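Descriptive structure summary
Each chain, written out:
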Amino acid sequence: MQKKSSLMKKLKKYWPFYFLALPGLIYFFINNYIPMGGLILAFEKYTVSGGIFGSKKIGFQNFKFLFSNADAWIMTRNTLLYNIVFILLGLVISILTAYFLHELKSNMSRKFYQTVILFPSLLSIIIVSYLANALLAGDTGFINNHILLPLGLEPISFYSEKKWWPFILVFVHFWQMTGTSCILYLANMSAIDPSLYEAASMDGATRWQSFFNITIPCLVPTIITLTILAVGKIFNSDFGLFYQVPMNSGAIIDVTQTIDTYVYRGLMNTANLGMSAAACFYQSVVGFCLVMITNSMVRRISSENAMF
Amino acid sequence: MAEVKLVNIKKVYPYVSGEEKKKNKKKSADEPEKKKVNLQITDEGVVAVQAFNLDIKDKEFIVLVGPSGCGKSTTLRMVAGLEEISDGELYIDGKLMNDVAPKDRDIAMVFQNYALYPHMTVYDNMAFSLKLRHTPKDEIDKKVREAAEILDITQYLERKPKALSGGQRQRVAIGRAIVRAPKVMLMDEPLSNLDAKLRNEMRAEIIKLRQRINTTFMYVTHDQTEAMTLGDRIVIMKDGYIQQIGTPQEVFNHPANLFVAGFIGMPVMNFFDAELKREGDKFFVEVGGIKVELAPEKEARLLKNNVQSQPVTLGVRPEHTDVAEQGIASTVEVAEMMGSSVHLHLNADGKDVIVIVPTIDMKGSYKQGDTVHFTFDGKVAHVFSKETDKNLEF
Ligand SMILES: Nc1ncnc2c1ncn2[C@@H]1O[C@H](COP(=O)(O)OP(=O)(O)O)[C@@H](O)[C@H]1O
Ligand SMILES: [Mg+2]
């Protein structure tokens, strides 16, 4: 009773704020909550006639099939390894990029470099994949035609050789995403009181010592939040990057297949909605658990930096 | 423990690209805004400090004082190495320091906003500089605890700055500066973020601290009381120029110009339009119908400067203005009882005058509207040129 009335009081007092939040909440409900009903597909053998709710319930059959499949191991491994590299290397790359931008004295050059770094993230992944193709293509590609051949080296058939792709995908990912991921760090760095650096320089710190003793510790809350969020998505992948950039080439699927591309290909080839739903369910549950685990670990180490 | 010598130091803040244009545009839009500070603006930028010459003796406590924006912080930051010196030379212990990095100048600085490292404990804040210098651990511990003892912050060593009050943070900031026994200690308005009571306490603490750690101090403040109580010598600045350098006594008793006379002393000195009359070797001031002969030592100085009769601005401090049977007539507007004295706010022919009357000398009390006559002695009258605002004795 008490609780209810205090909620009403809050509603009454802050209604403009709740009102402002309403469109977001409605969107969130329609887009993120209603489709959850579709998760029931993961436990069904979907037929068009039966529809989402009327198809035959088959329990964990879909999961069994998913995990007994030889692809399950490969796609899980790929998804995990790429994400771990993206998270760890991403920390270093985006913080360093932000730091270099931040250290630029002239506003003009900072804006210039920031725009240059940010630009790739505005490109559609389709365009990016054709840019990559222009570099990598076997007979017409820039690398083969204008670098390797003039040097008298053997041309490389990128789209059929697996070993290049972990590097290509990691490179393309950072080429495209560094601009956006460093913005948050850059904003954080600009918020650090400049007199802290002055105090450190009087205390005898070199630039790098200030970086490690002041900049990084001040960024820790942001680093932790972003990392926890990224860990929650560790079973998800950037579909465009893994599907479009390799040009859907079958020869290199061992190193480009992720859970998301698997689900998509499953739908395209076999229309197996049940198994795709099972894969998504698996992604979300594991992601949720990982967020909870990471957060509780952070809370144990330094409670002020935990997200919740 | 060092001598600091500033020779003809100048600081020009260059315009940031685009700012110059904005400034020019602004000038036409709101002219009065710019007038607040009369800094010289040149083609290269804003001249924040110029013609700054100062010899600081070993272990001296120098206070830079002046209104906001006069270039005190800029000067201090140039000594610290945080700001490039545009022109002139800075020597510490005879060595030219212009291009030496802050960390190699062996200087410590206390910042106005404390600038404590937020993620480090008080202990680590204080130990940071020693750690960077690879001081042995037990020595760091000894020094940090010693400094904490002096500043009475031992019980907070394990706390983070967030968990401290303003006064405690200030102590930590001072502690961080003293642990490594710097050659020169710089302080930029260290007390201005504290409330009045705490400020008085900390002022006394700094005087004590100074006796314990024997080093050269450069202290910046806009508060003349702080300057008078702390400084061995005071440097009074305005618009980027030094106005006067001297001991508190000197600047109080012999202000070099009208600005210094008005800036130093509380309540503010009374100023009158008066006539300086030279009669042979004697000098008189005529004001409000009275004629007062200046003291012989003042006359000697005026004589040396070959000063002639002229209209002057006469300055007399409230503590040196006396109520008398005869003198300049005025009416009482407010009488403030301060305990040991009464501050009389008088209106003398449209001019506000403050007279401090010691309570013991008072006959009866003062009411609003009373007519009061006041006068002053020739020893305490300061005469300033109408044209240059300079004290004619200088
Ligand atoms: N980084 C800067 N760029 C341009 N002008 C500055 C800068 N820092 C200070 N100034 C100007 O220099 C003058 C002196 O500043 P400062 O030394 O901070 O004065 P204060 O005596 O109050 O400490 C001020 O008018 C200020 O506007
Ligand atoms: Mg200042």
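Residues numbered from 1 in each chain as written. Chains lettered and ligands numbered in written order. Predicted model: local features only at pLDDT ≥ 70, side-chain atom pairs only at ≥ 80, totals over all residues. Heavy atoms only, no water.

**With respect to the side chain of threonine 313 of chain B**
Counted only if it meets this: To qualify as a helix, a DSSP run of H or I must reach at least 4 residues; to qualify as a strand, a run of E must reach at least 2; elements of each kind are numbered from the N terminus. Contact criterion: two residues are considered in contact whenever any of their non-hydrogen atoms come within 4.5 Å of each other.
Looking at the element boundaries, threonine 313 of chain B is found in strand 15 (residues 310–316). If we ignore the near neighbours within four places in the chain, the residues touching threonine 313 of chain B are Leu258, Phe271, Phe272, His382, Val383, Phe384 and Lys386 of chain B.

**Observations concerning the packing of aromatic side chains**
Residue and element names in this part refer to chain A. Condition: Pairing of aromatic rings covers Phe, Tyr and Trp, the last through its six-membered ring, and needs centres within 6.5 Å; plane angles under 30 degrees mean stacked, over 60 mean edge-to-face, and all others mean tilted. Each residue is placed in one exposure class: buried if its accessible area under a 1.4 Å probe, protein chains only, is under 20% of its type's maximum, exposed if it is over 50%, and partly exposed if it falls in between.
Per the counting criterion, the structure on display carries 33 aromatic pairs over all chains. Centre to centre, the rings of phenylalanine 29 and tyrosine 33 are 6.5 Å apart; their planes meet at 15°, and the pair counts as stacked. Of this pair, phenylalanine 29 and tyrosine 33 both sit in helix 1 (residues 2–33), four residues apart, roughly one helical turn. Taking the relative accessible area as the measure of exposure, tyrosine 33 reaches 44% and is therefore partly exposed.

**Considering the site of ligand 1**
Residue and element names in this part refer to chain B. Selection criterion: Put simply, a residue is near a molecule or strand once any heavy atom of it comes within 4 Å of that molecule or strand. Between N or O atoms, a polar contact is any pair within 3.5 Å; within protein, one atom must be a potential hydrogen donor and the other a potential acceptor, and residues adjacent in sequence are included only when both atoms are from side chains. Areas reported as accessible are Shrake-Rupley estimates using a 1.4 Å probe. Residue values count occlusion only from the protein chains shown. When residues are sorted by character, Ala, Val, Leu, Ile, Met, Phe, Trp, Tyr, Cys and Pro go into the nonpolar class, Asp, Glu, Lys and Arg into the charged class, and all the rest, Gly among them, into the polar class.
The full set of residues close to ligand 1 is Tyr13, Leu39, Ala48, Ser68, Gly69, Cys70, Gly71, Lys72, Ser73 and Thr74. In the model, a nitrogen atom of ligand 1 is placed 3.3 Å from a nitrogen or oxygen of the tyrosine 13 side chain. In the model, an oxygen atom of ligand 1 is placed 3.2 Å from a nitrogen or oxygen of the cysteine 70 main chain. Here ligand 1 loses 62% of its free accessible area of 560 Å² to cover by the protein chains. With three residues, helix 3 (residues 72–80) is the single largest residue contributor to the shell around ligand 1. Grouping the amino acids of the shell around ligand 1 by side-chain chemistry returns four nonpolar, five polar and one charged.

**Looking at the sheet that holds strand 9 (residues 216–221) of chain B**
Residues and elements named next belong to chain B. Condition: By this definition, two strands are paired if DSSP reports at least two bridges between them. All axes are obtained by fitting lines to C-alpha atoms, using only the stretch in contact for helices, and the reported angles, taken between N-to-C directions, cover 0 to 180 degrees.
If you walk across this open sheet you meet the six strands as 7-8-9-4-10-11, and the pairing is mixed. Two strands close off the open sheet at either side, each with one partner strand: strand 7 (107–110) and strand 11 (241–246). Ignoring which end each strand starts from, the neighbouring axes of this sheet average 15° apart. Each of strand 4 (61–65), strand 7, strand 8 (184–188), strand 9 and strand 10 (233–238) is contacted by helix 3, which is oriented at about 150° to strand 8, the strand it contacts most.

**Focus: helix 13 (residues 259–270) of chain A**
Residues and elements named next belong to chain A. Threshold: For a helix, the expected span equals 1.5 Å multiplied by the residue count minus one.
Between its first and last C-alpha, helix 13 extends 16 Å over twelve residues, near the 16 Å set by a 1.5 Å rise per residue. If you check which residues of helix 13 are buried, you get Ile259, Asp260, Thr261, Tyr262, Val263, Arg265 and Gly266. Against the buried residues of helix 13 lie helix 3 (61–68), helix 4 (70–103), helix 11 (239–243), helix 12 (253–256) and helix 14 (273–301).

**Concerning unusual backbone geometry**
Residue and element names in this part refer to chain B. In the segment running from methionine 266 into proline 267, the intervening peptide bond is cis, with an omega of -5°. Along the polypeptide, proline 267 turns up in the loop between helix 10 (258–263) and strand 12 (270–279). One non-glycine residue, alanine 51, lies in positive phi territory at about 50°. Structurally, the position occupied by alanine 51 is in strand 3 (residues 45–56). The exposure class assigned to alanine 51 is partly exposed, which follows from its relative accessible area of 40%. Positive phi, normally seen in glycine, also occurs at asparagine 306, with a value near 55°.

**Some details on the nonpolar core**
Applicable threshold: Put simply, a nonpolar core is a bunch of buried Ala, Val, Leu, Ile, Met, Phe, Trp, Tyr and Cys residues held in one set by side-chain atoms that sit within 4.5 Å of each other. Domain limits in this description derive from either an automatic procedure or a database domain assignment.
If you look at the biggest cluster of nonpolar residues, it comprises 46 residues, and the most contacted ones within it are Met126, Ile174 and Met185 of chain B. The residues that make up this core include at least three from each of domain 1 (4–13 + 38–253) and domain 2 (258–385) of chain B. Setting aside residues up to four positions removed in sequence, methionine 185 of chain B forms contacts with Ala108, Ile174, Ala177, Ile178, Ile213, Thr215, Thr216, Phe217 and Met218 of chain B. Grouped together as the second largest cluster of nonpolar side chains are 43 residues, Ala205 of chain A together with Val4, Cys70 and Leu76 of chain B included.

**With respect to the interface of chain A and chain B**
The condition that has to hold: The term buried area denotes the loss of accessible surface (1.4 Å probe radius) that occurs when two parts are joined, taken as the sum for both partners. Just to be clear on terms, a salt bridge is a Lys or Arg side-chain nitrogen sitting within 4 Å of an Asp or Glu carboxyl oxygen.
The interface of chain A with chain B comprises 19 residues on the first partner and 24 residues on the second. Summed over both partners, the interface of chain A with chain B comes to about 1,800 Å²; 59% of that surface belongs to carbon and sulfur atoms. Among the residues of chain A in contact with chain B, Glu198, Met202 and Asp203 of chain A are the three that bury the most area, contributing 40% of the side total. Counting every contact that joins chain A to chain B gives two salt bridges. Between arginine 180 of chain B and aspartate 203 of chain A there is a salt bridge whose closest N-O contact spans 3.8 Å. Applying the counting criterion to the chain A and chain B interface returns nine residue pairs in polar contact (both at pLDDT 80 or more). Secondary structure elements with two or more residues in the side of chain A that touches chain B: helix 9 (194–203) and helix 10 (207–232) of chain A. It is helix 9 of chain A that contributes the most residues to the side of chain A that touches chain B, eight residues altogether. When grouped by side-chain class, the residues that make up the side of chain A that touches chain B number nine nonpolar, six polar and four charged.

**Thoughts on the confidence of the model for chain B**
Residue and element names in this part refer to chain B. Inclusion rule: Confidence scores labelled pLDDT are given residue by residue by the predictor and lie between 0 and 100.
Of all residues in chain B, 94% attain a pLDDT of 70 or more, and the chain-wide mean is 89. Contacts of residues 20–36 to residues separated by more than four positions or lying in other chains number seven contacts, the stretch itself having pLDDT below 50. Scored by ipTM, the complex comes to 0.85, with pTM at 0.84.

**Some points on the domain arrangement of chain B**
All names here are of chain B. Segmenting chain B into domains produces domain 1 (4–13 + 38–253) and domain 2 (258–385). Here domain 1 and domain 2 have C-alpha centroids that lie 38 Å from each other. Each partner contributes to the interface: domain 1 provides 14 residues, whereas domain 2 provides ten residues. Taking both sides of the interface into account, the surface hidden between domain 1 and domain 2 amounts to around 1,000 Å²; carbon and sulfur atoms contribute 75%. Considering only the surface of domain 1 that becomes buried against domain 2, Gln224, Ile236 and Phe252 emerge as the three largest contributors, covering 54% of it. Taken together, the connections running from domain 1 to domain 2 amount to zero salt bridges.

**Thoughts on helix 8 (residues 165–190) of chain A**
Quick reminder of the rule: Note that the bend at a residue is defined as the angle between axes fitted to the seven residues ending at it and the seven residues starting at it.
Compared with the 38 Å implied by 1.5 Å per residue over 26 residues, the 37 Å span of helix 8 of chain A between its first and last C-alpha is a close match. At methionine 177 of chain A, helix 8 of chain A is deflected by roughly 50°, the largest bend along its length.

**Focus: the sheet that holds strand 19 (residues 351–358) of chain B**
Residues and elements named next belong to chain B. Taken together, five strands build an open sheet; the order of strands is 16-20-17-18-19 and the sheet is antiparallel. A single partner strand is all that each edge strand has here, and the edge strands are strand 16 (321–324) and strand 19. Looking at each pair of strands side by side, their axes are set apart by 50° on average, direction ignored. Where strand 18 (residues 341–348) lies against strand 19, eight bridges are found, and the strand directions are antiparallel. Across the sheet, the residue bridging to serine 341 is proline 358, located in strand 19.

**Description of the pattern of salt bridges**
Oppositely charged side chains may form a pair once their charged atoms are brought near each other. In this structure the tally under the stated criterion is 24 salt bridges over all chains. Here lysine 103 of chain B ties to aspartate 104 of chain B by a salt bridge, and the two come within 3.7 Å at their closest N and O atoms. Using a relative accessible area of 29% as the deciding quantity, one classes lysine 103 of chain B as partly exposed. Under the relative-accessibility criterion, aspartate 104 of chain B is labelled partly exposed at 48%. For glutamate 205 of chain B, the salt bridge is made with lysine 208 of chain B, and the minimal N-O distance between the two is 3.9 Å. A residue pair is termed a helical-turn pair when its members lie 3 or 4 positions apart in one helix, as glutamate 205 of chain B and lysine 208 of chain B do in helix 7 (residues 196–212) at three residues. Judged by its relative accessible area of 23%, glutamate 205 of chain B is partly exposed. Salt bridges sharing partners connect three or more residues here, namely Glu198 of chain A together with Lys11, Arg77 and Glu83 of chain B.

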